[in-house]
Amino acid sequence: MPTPPARPTAAQLTLPSRLRGMNRNILIALGGTLALVLWMLSGVFRDHPTAALVTPTAAQPTVEVTLSTATNTAYTLTLTGRTSADVTANVVAEVEGRVVHTAVTEGKTVQKGDALLRLDVGTKDAELQRAKAAFQAATTIHHTTEKLFKQGFRAETDFIRSQADLAAAEANLKEAQRRLNDTVVRSPIRGVVERVMLDVGDFARPQQEVVRIVGLDQFLITAHVAQQDRGLLQVGQAVKATLANGASVDGILRFVGVEADPQTKTFPLEVVVKNAGQQPLPVGMTATLTLPAGQVEAHLLAHSTVVLDDDGRLGVMVLDAASAGQGRARFMPVKILQDNNTGLAVTGLPREIEIITRGQASIKSGAVVNLASPVAPTPATNASAGGV
């Protein structure tokens, strides 16, 4: 009888089990390591803006940055307008007649009531004499009729008729006197003769313009204000104006329109300029108006700080996401309130903003930049400047 095979020992049974357990542990470890590697590799292909700001490179431009704080600034609105006459008198003839004398020439200063020219009286003097005689007769008849009416010798209708005749005669007398007086054409205002339309010998017809006079007492400067600035103006406020010939005048804002021009979206305004002299303000001359418009918060910047973007907008380059000596440039548009020799007063920025003040002309919005030095505050001399 064959001998049965020997049964395996405990050690022989345990070894394969251990090998299988070891293989399972190794697979788990390898799987975990592979997952870790894949996770780490996935971060390489992600876009990390902040990581790009960590490592400086020579290709990135170096800029200087100033911390700017807005201050209360006296806002002065500057507008361009033109002069015009406040009062222009187009003097007309009230009666017909031939010109027999001209008392003025173009450019002469006249006072209210001064004679400008005289017309031939024609039959007007004779008409006046007849009207006087008719009035005297109507007066006598009325007084007699009234006396007899009170005594009972005249009817009431006769008395009423005499009253009407007297009133008509008086009206005719006044009309005849007016027509005779109107043969002398007089100035209705104080002013300067701009034009004389008729010469001696010319025939004037009723309501025909014969002389044009520009008033001397006051003048206008007309202009237009943008819709965003209209609310800054107050009727009655003082205005200074500089004319194209260099002369300076003072005026008062008399009118600001409430209806905007549909094309320009601007509102008309009028400034009254009093004139104590004997010469008028030239009409149609360009004038630069300066109107105080209150206090606004504005940043005071050097002229060189302002740049243009690709769309032609005026603005400044500001610093975003600054860390470890780097930052990202960003363009912000601004509105210039004032511009003079000391700099610019601009709005449109936050109250505090880091503005790139050197190197801004050569960079684009969104570019990463290196900082030449820590951000410095705006110098006190700029911050305290009022009324730029």
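Worth saying up front: this structure is predicted, and the values here are computed from it rather than measured.

Quick word on the overall build of the chain
Across its full length, the chain carries five helices and 23 strands. Taking all 388 residues of the chain together, the buried fraction comes to 32%. Look at the contacts in the chain between residues 6 or more apart in sequence, and 74% of them connect residues 24 or more apart. Entry remark: accessible area of the chain is about 23300 Å², with carbon and sulfur atoms responsible for 56%.

Quick notes on the confidence of the model for the chain
In this model, the chain carries an average pLDDT of 84, and 81% of its residues clear a pLDDT of 70 or more. The model gives residues 10-22 a pLDDT under 50, and that stretch makes one contact with residues more than four places away or in other chains. For residues 43-54, every residue scores under 50 in pLDDT, and the model assigns this stretch 11 contacts once sequence neighbours within four places are set aside.

Points about the sheet that holds strand 5 (residues 109-110)
An order of 3-10-8-5 is seen for the four strands of this open sheet, with the pairing classed as antiparallel. The open sheet has two edge strands with one neighbour each: strand 3 (88-92) and strand 5. By the bridge criterion, five bridges tie strand 8 (residues 191-196) to strand 10 (residues 209-215) in an arrangement that is antiparallel. Following the sheet pairing, V196 is matched in strand 10 by V211.

Description of unusual backbone geometry
The phi torsion at Q207 lies on the positive side, around 70°, for a residue other than glycine. Within the secondary structure layout, Q207 lies in the loop between strand 9 (203-204) and strand 10. Residue classification places Q207 among the exposed residues on the basis of a relative accessible area of 53%. One non-glycine residue, K265, lies in positive phi territory at about 60°.

So, the environment of L116
Here L116 shows up in strand 6 (residues 115-119). The class of L116 is buried, set by a relative accessible area of 1%. Each C-alpha atom of the pair L116 and A103 lies 5.0 Å from the other, and the pair is 13 residues apart in sequence. Apart from the residues lying within four places of it in its own chain, the contact partners of L116 are V91, T102, A103, V104, V110, V185, R186, S187, V211 and I213.

Some thoughts on helix 4 (residues 156-181)
Over its 26 residues, helix 4 extends 38 Å from the first C-alpha to the last, a length consistent with the 38 Å expected when each residue adds 1.5 Å. Within helix 4, the full set of buried residues consists of F159, S162, L166, A169, L173, A176 and L180. Looking at the buried residues of helix 4, the elements they touch are helix 3 (124-151) and strand 7 (184-186).

Structural notes on the packing of aromatic side chains
For the structure shown, the criterion picks out one aromatic pair. Here the basic side chain of R230 rests over the ring of F267, its NZ or CZ set 5.3 Å away from the ring centre.

Notes on helix 3
Helix length check: helix 3, at 28 residues, gives a terminal C-alpha distance of 41 Å against a target of 40 Å (1.5 Å per residue), a fit within 8%. Within helix 3 the residues assigned to the buried category are K124, L128, A131, A138, T139, H142 and T145. In this structure, the buried side of helix 3 is in contact with helix 4. G152 sits one or two residues past helix 3 and shows a positive phi near 90°.

Details of the nonpolar core
One finds L269 and L289 to be the most contacted residues of the largest nonpolar core, which totals 32 residues. For this core, the secondary structure elements donating two or more residues are strand 2 (71-85), strand 11 (218-226), strand 12 (238-243), strand 13 (248-256), strand 14 (266-274) and strand 15 (286-301). Element by element, the count of residues in this core is highest for strand 15, at six residues. Other than its neighbours up to four places away in sequence, L269 contacts L79, I221, T222, A223, V225, L233, L253, F255, V256 and L289. If you look at the next biggest cluster of nonpolar residues, it comprises 19 residues, including A89, L117, I189 and V193.

With respect to the environment of D182
Within the secondary structure layout, D182 lies in the loop between helix 4 and strand 7. Sequence separation between D182 and V121 is 61 residues, and the spatial gap between their C-alpha atoms is 9.1 Å. If we ignore the near neighbours within four places in the chain, the residues touching D182 are E94, V95 and L119.

Digging into the pairing of strand 2
The pairing of strand 2 with strand 15 spans 11 bridges and is classified as antiparallel. Note that in strand 15 the partner of T73 across the bridge is V296. In the sheet, strand 2 pairs with strand 11 via four bridges, with the strands oriented antiparallel. Paired with A85 across the strands is F219, a residue of strand 11.

Looking at the pattern of salt bridges
Evaluation of the coordinates by the stated rule reveals 19 salt bridges. Taking the shortest distance from any N to any O, the salt bridge between R178 and E175 comes out at 2.6 Å. One end of the pair is R178 and the other is E175, both in helix 4 and three residues apart, which spans about a single turn. On the basis of relative accessibility, which here comes to 32%, the residue R178 falls in the partly exposed class. With a relative accessible area of 36%, E175 lands in the partly exposed category. The partner of R313 in a salt bridge is D309, with the nearest N and O atoms 2.7 Å apart. The class of D309 is buried, set by a relative accessible area of 17%. One continuous salt-bridge network, built from bridges that share partners, spans E96, K124, E127 and R179.

Rules of the game
- Residues numbered from 1 in each chain as written.
- Predicted model: local features only at pLDDT ≥ 70, side-chain atom pairs only at ≥ 80, totals over all residues.
- Heavy atoms only, no water.
- Helix = DSSP H or I, 4+ residues; strand = E, 2+ residues; numbered from the N terminus.
- Buried < 20%, exposed > 50% of the residue type's maximum accessible area, 1.4 Å probe, protein only.
- Contact = heavy atoms within 4.5 Å.
- Areas by Shrake-Rupley, 256 points an atom, 1.4 Å probe, with all protein chains shown as cover.
- pLDDT = per-residue confidence, 0-100.
- Pairing = 2+ DSSP bridges.
- Expected span 1.5 Å × (residues − 1).
- Phe/Tyr/Trp six-rings, centres within 6.5 Å; stacked < 30°, edge-to-face > 60°.
- Lys NZ or Arg CZ within 6 Å of the ring centre and 35° of its normal.
- Core = buried A, V, L, I, M, F, W, Y, C linked by side-chain atoms within 4.5 Å.
- Salt bridge = Lys/Arg side-chain N within 4 Å of Asp/Glu carboxyl O.

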